[in-house]
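# Reading the structure
This is what each chain is made of:
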Amino acid sequence: MKLRTKMWIFVIFSYVISLVVFLILIKTISNVANNGYSLHIMNNIAHSALESAQEQQVFSKHGIESALTPFSKEHPKIRFEWIASDGTAIYDSSGIMKHYQFKELADRFLDMRYTLSTEGNQISLAYAAEQNGETYYLLLGLPTNALKPGQMYFYVRTFSVFFIFALPILVALLIPYILSSWYFYSINRRIRKLNMALNQVNIQTNVMELKDNSKDEIGHLTRHYNDMTRRIRTQVNQIEQLENNRKLLLSNLSHDLRTPLTMMLGYAELIRTGQYKDEKDLQTSAKIILQRSRYMAKLLDQILDVSRQETDKLEIHFSSYNLSELIRKIASDYLFVIDEQELLFEVALPEMEVFAFIDASLIERMLHNLLDNAIRYGKDGHFLQIELIEEEQTVCIVVKDKGVGIAPAEQERIFDRFYRVDRGRKGEGLGIGLSIVKGIVEAHQGNIQLTSIPYEETTFLIKLPKN
Ligand code: ADP
């Protein structure tokens with residue numbers, strides 16, 4: 001839910017709540033605080049008293065006493081007076097039995113509205129009743145403080161009654177304020193958290209992830225932040241790995257170049273100073289120099305390939321090429337090397353020449369890498385095979401040896417750049433040969449699979465589309 005929608009719901013909700021609370025409070029407070037007599041109640045009491053007096057036909061002193069006493073007992077705050085037409089009091093619940101002159105009676109009513117607000121004053125109500133042609137008056141007197149505060153307002157216009165409203169109004173006004181403060185506090189808290197987390201984003205330290213499942217804008221922002229931290233973490237890991245690889249490459253490279261170079265310098269010096277025994281010794285020295293220079297050239301080629309792959313500058317020139325011919329040529333290159341290694345070297349080609357749309361120089365480089373590895377790491381198996389299989393849409397090249405093989409745990413990473421099974425050993429390569437192989441296969445839209453059972457069979461199967 002969006003924050004704006006949330007806010008509107010919140011506003012409506014807080015208004016409803018405050019209205020309900022206001023009504024409940026008003027009802028409760030008025031029940032408690034607005035008690036007492038109202039004009040309406042007084043009227044009812046007076047009429048009941050008059051009815052009871054008339055019913056009993058008791059307009060004499062004793063009779064009226066028995067008619068009005070129950071009322072005065074029920075309403076002790078009200079003073080009941082029963083006055084004859086000449087002003088004589090027949091009954092007075094207060095016992096004063098005041099004799100009224102007409103002026104006195106008139107003043108009591110006329111002055112009532114001026115004196116009501118003063119302490120101890122009372123409101124007076126008068127009712128007339130007739131019997132046998134005689135008029136009698138029922139006077140009800142009530143102290144002002146026994147009136148309902150709401151009624152007081154109508155008699156004396158006192159605003160004290162509005163204090164009853166003060167609390168409900170205050171509470172009703174406070175509720176939206178408290179709720180909105182809480183709402184903004186919760187939003188603020190989430191923003192603060194996000195802010196703090198953003199402030200701590202640092203490549204060196206572990207970035208912290210935040211939990212916020214709400215669907216509003218802050219929730220979205222938090223999720224974006226979490227995605228960002230995850231991306232930063234993976235990128236930092238990648239950078240660290242690259243840095244490690246770079247260090248490893250430099251140390252391996254310096255070692256791999258220095259060892260053959262030292263040998264080459266030694267043999268070149270031997271030739272220059274003429275310290276060789278015979279012609280055969282000279283030839284051997286020259287051969288070693290040649291081998292080592294080729295190895296160094298190969299290393300430099302590999303590094304060049306890697307940097308080309310990295311900058312996407314691996315140039316590919318596809319052409320329809322006779323793969324059988326290419327493999328025959330490569331196999332003949334290796335015959336010389338194989339001779340020295342006591343390896344059984346098998347080349348299996350289909351009878352028909354196999355053509356494919358490839359970049360021959362890249363495929364040649366790929367096969368060199370695979371065959372070099374098979375000889376270098378699989379020589380203990382004394383077996384090397386290169387096989388070409390033609391299928392309908394694809395051509396398969398299989399390079400097989402029966403050497404030490406590659407453990408299943410290593411197989412997944414074997415094509416990673418700079419990954420070597422035995423990282424401690426130096427002088428055998430930089431761990432980039434297979435990554436170049438994979439790059440070349442992928443550039444041809446093909447795929448490469450490795451299966452390996454130590455000392456039984458280690459196979460690299462490359463499938464390339466014919467076209
Ligand atoms: P490098 O040969 O320079 O170490 P590669 O990428 O060519 O790098 O090979 C990576 C690793 O794979 C090698 O270090 C080696 O341990 C292992 N490997 C490659 N080919 C074979 C194979 N035919 N038999 C056993 N191990 C192999």
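Here, every reference points to the structure presented above.
Let me begin by describing the structure that accompanies this report. (Residues numbered from 1 in each chain as written. Predicted model: local features only at pLDDT ≥ 70, side-chain atom pairs only at ≥ 80, totals over all residues. Heavy atoms only, no water.)

## A short note on the sheet that holds strand β1 (residues 79-84)
Remark on secondary structure: sheet strands pair via backbone hydrogen bonds, oriented parallel or antiparallel. Quick reminder of the rule: Following DSSP output, two strands are said to pair if at least two bridges run between them. In this description a helix means any DSSP run of H or I spanning at least four residues, a strand means any run of E spanning at least two, and both kinds are numbered starting from the N terminus. The convention used is that axes are lines fitted to C-alpha atoms, helices contributing only their stretch in contact, and that angles between N-to-C directions extend from 0 to 180 degrees.
What the four strands build is an open sheet, ordered β2-β1-β4-β3; its pairing is antiparallel. What marks the edges here is a single partner per strand, and that holds for β2 (89-92) and β3 (122-131). Across the sheet, the axes of successive neighbouring strands diverge by a mean angle of 20°, strand direction being ignored. In terms of strand pairing, β3 meets strand β4 (residues 134-143) through 10 bridges, oriented antiparallel.

## Examining helix α2 (residues 39-56)
Basically, it comes down to this: Expected span, for any helix, means 1.5 Å times one less than how many residues it has. Only protein chains enter the accessibility calculation, which uses a 1.4 Å probe; a residue is then buried when its area is under 20% of its type maximum, exposed when over 50%, and partly exposed in between. Starting at the helix axis, one direction is taken to each C-beta atom, and the arc is that of these directions. Pairs of residues are marked as contacts when any of their non-hydrogen atoms sit within 4.5 Å.
The end-to-end C-alpha distance of α2, which contains 18 residues, comes to 26 Å, matching closely the 26 Å that a straight helix rising 1.5 Å per residue would cover. Among all positions in α2, only M42, I45, A46, A49, L50, S52 and A53 are buried. Along the axis of α2, the buried positions cluster into a sector of 160°, meaning they face one direction only. For α2, exposure combined with an orientation more than 90 degrees from the buried face picks out H40 and E55. For α2, the secondary structure elements touched by its buried residues are α3 (61-74), β1, β3 and β4.

## Re the pairing of strand β10 (residues 447-453)
Residues of β10 alternate between two faces, with I448, L450 and S452 buried on one and N447, Q449, T451 and I453 left unburied on the opposite face. Of the pairings in the sheet, the one linking β10 to strand β11 (residues 457-465) comprises seven bridges and is antiparallel in character. Among the inter-strand pairings, L450 is bridged to a residue of β11, identified as F460.

## Some points on the site of the ligand
Our working rule: Nearness is defined per residue: one heavy atom within 4 Å of the molecule or strand is enough. Polar contact criterion, stated in full: a pair of N or O atoms within 3.5 Å, where within protein one must be able to donate a hydrogen and the other to accept it, and residues adjacent in sequence count only if both atoms are side-chain atoms. The accessible surface values rely on the Shrake-Rupley method and a 1.4 Å probe; as for residues, cover is taken only from the protein chains in view.
Around the ligand, a shell composed of 17 residues is seen, among which N373, Y377, R420, G431 and L434 lie nearest. One of the side-chain nitrogen or oxygen atoms of N373 is found 2.8 Å away from an oxygen atom of the ligand. Between the ligand and the protein, one listed contact pairs an oxygen atom with a side-chain N or O atom of Y377 at 2.7 Å. Summarising the interface, the protein chains cover 97% of the accessible area of the ligand, which totals 530 Å² for the free molecule.

## Let's talk about the nonpolar core
Filter applied, for reference: For the purposes of this section, nonpolar cores are sets of buried Ala, Val, Leu, Ile, Met, Phe, Trp, Tyr and Cys residues that join through side-chain atoms within 4.5 Å.
Ranked by internal contacts, the top residues of the largest apolar core, which has 48 residues, are L323, I363, M366, L367 and I397. The element contributing the most residues to this core is helix α11 (residues 360-378), with eight residues. The next biggest cluster of nonpolar side chains, apart from the first, holds 27 residues, and it includes A49, Y91, Y127 and L138.

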